[in-house]
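Chain by chain, the residues:
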Amino acid sequence: MLNRRLFLTQAIAGAGCAASGSVLADQSSSWLGWRGLGRDGYAGQGDWPGSLSAEKLQLLWERPLDSGYSGPLLSGQQVFVTETKEKSDEVVWALDAQTGQVQWQKRWSGALSVPFFAKSNGDWIRSTPFCDGSRLYVGGMRDVLVSLDCQPGQEAWRIDFPAMFGSELPSFGFVCSPLVDSGTIYVQAGGGLAAIDSQSGQIRWRGLDDGGGMWGSAFSSPIMVSLHGRRQLLVQTRTHLVGVDPENGSKIWEQKVEAFRGMNILTPAVWNDCVFTSSYGGKSLLFEFEPSESGPWIVKTRWQNKTQGYMSSPIIIGDTLYLHLRNRRLVCLNLQTGQENWTTKPFGEYWSMVTNGQQILALDERGELLLVQHNPKEFQLLDQREISQQSSWAHLALAGDMLLIRHLAGIQAYRWSAS
């Protein structure tokens, strides 16, 4: 796990240097994209305070916002957060990390009405942006990707995927969170997967075409991994898991994943050269691979079980996986065997989770924070605290001792400190 984060730090730092010629913001004080640096929910390796009391978790500032699903970002002394304003426009805010004061905002038309089962949770912006230290890359609901300078917020370029490629407007909006690696943006938009030059906005290649619309347009987000020593994009579409060559978009391997109405939503996870995923209406699966130099890799199911993930992405600590399920329970799985170690009572509909490798900090959709001890033998809840009476669907951000919480009515910044 540590080697993978070093690999990603170097790759993303390359993106920052390519963008500005400067050193990327200090990783220990930054949360730059979906689920953190490695897209695995890890937030450093240091000790955490053992409680969520008012003494340990102090509110620094808060700011009201209209609704949004996008997770907040922290880059140095800037906080970035989005909202859907007045059900018509999308707004990006840059705030001072210490005070919450507005540095700049950018606004564009971005309304989209999502269908049936997603409707009850709202029509607002979903994609968590990515910051490479110089630029911010924001996915708007109507399948647009906008590049903004971190200072002073000027637009560098914009891609309207349906206008450029004739793809169908995604029925559920732009959901995938962009990934930047070594000067290239990888994003599932425009009815497929695209690689984009981060400086110019030029398309380098496109692949995995699904047409978009109701049954295409991915919900998951890509991650950069190394499997059996080969660097590749791990991509989950509505129907398949795919290993993709980041240089040209060719498939290294492909595996079908069953899901009700294509609800492959969570971000898959890597463990010991294997890939884990879980889907609504499907099951939990761990895949292993036989690499090939001359053709597609062979994919085998190492194990499967009946647990069904949904929107929440897993946390892996050692040989143990923690996953919030469709039935609202937290399950602890043994990655070696796929057996359940334990399962909890129901909580809310969604958990965003981060870890330091010893504990897990989880934000429940009902506005509660939970501090859980890593323990394969039993569920060990260390502390629990209500931080908002609003629903909290956005992924939390934790960097150093700063915790950012985006609920549906605003954003809060906390200092989580033992001192």
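Scope of this entry: the structure provided in the associated data block.

1. Looking at the pattern of salt bridges
Now for step 1: Per the stated rule, a full pass over the model turns up 13 salt bridges.
Now for step 2: As a salt-bridge pair, glutamate 349 and arginine 328 come within 3.9 Å of each other at their nearest N and O atoms. Here glutamate 349, found in the loop between β25 (340–343) and β26 (351–355), pairs with arginine 328, found in the loop between β23 (320–324) and β24 (330–334); they are 21 residues apart in sequence, far enough to count as distant.
Now for step 3: Among the ionic contacts, a cluster of salt bridges with common partners joins Glu86, Asp89 and Arg107.

2. Remarks on the environment of serine 312
Now for step 1: Checked against the element boundaries, serine 312 lands in the loop between β21 (298–305) and β22 (315–317).
Now for step 2: As for serine 312 and aspartate 89, which are separated by 223 residues in sequence, their C-alpha atoms are 27 Å apart.
Now for step 3: In this view, serine 312 contacts Leu266, Leu323, His324, Tyr350 and Trp351; residues no more than four positions away in its chain are not counted.
Now for step 4: Separated by 3.3 Å, the side chains of serine 312 and histidine 324 make a polar contact.
Now for step 5: Among the polar contacts listed, one links the side chain of serine 312 to the backbone nitrogen of tryptophan 351, at a separation of 3.0 Å.

3. Things to note about the packing of aromatic side chains
Now for step 1: Going through the model one piece at a time under the given rule, you end up with 18 aromatic pairs.
Now for step 2: Each ring, one from tryptophan 48 and one from tryptophan 416, has its centre 5.1 Å from the other, and the planes form 55 degrees; the classification is tilted. Here tryptophan 48, found in the loop between α1 (2–20) and β1 (57–64), pairs with tryptophan 416, found in strand β32 (residues 410–416); they are 368 residues apart in sequence, far enough to count as distant. Take tryptophan 48 and tryptophan 416: they sit in the same class, and that class is buried.
Now for step 3: A cation sits over an aromatic face here: arginine 206 above phenylalanine 165, 3.9 Å from the ring centre.

4. Some remarks on the environment of leucine 95
Now for step 1: With respect to the secondary-structure elements, leucine 95 resides in strand β4 (residues 89–96).
Now for step 2: Judged by its relative accessible area of 0%, leucine 95 falls in the buried class.
Now for step 3: Remark: the alpha-carbon pair of leucine 95 and glutamine 77, spanning 18 residues in sequence, is separated by 8.4 Å.
Now for step 4: Among all residues touching leucine 95, those that are not within four sequence positions of it are Trp61, Arg63, Gln77, Gln78, Val79, Val81, Gly100, Gln101, Val102, Gln103 and Ile411.

Procedures and definitions
Residues numbered from 1 in each chain as written. Predicted model: local features only at pLDDT ≥ 70, side-chain atom pairs only at ≥ 80, totals over all residues. Heavy atoms only, no water. Salt bridge = Lys/Arg side-chain N within 4 Å of Asp/Glu carboxyl O. Helix = DSSP H or I, 4+ residues; strand = E, 2+ residues; numbered from the N terminus. Contact = heavy atoms within 4.5 Å. Polar contact = N/O pair within 3.5 Å; in protein donor to acceptor, adjacent residues only side chain to side chain. Phe/Tyr/Trp six-rings, centres within 6.5 Å; stacked < 30°, edge-to-face > 60°. Buried < 20%, exposed > 50% of the residue type's maximum accessible area, 1.4 Å probe, protein only. Lys NZ or Arg CZ within 6 Å of the ring centre and 35° of its normal.

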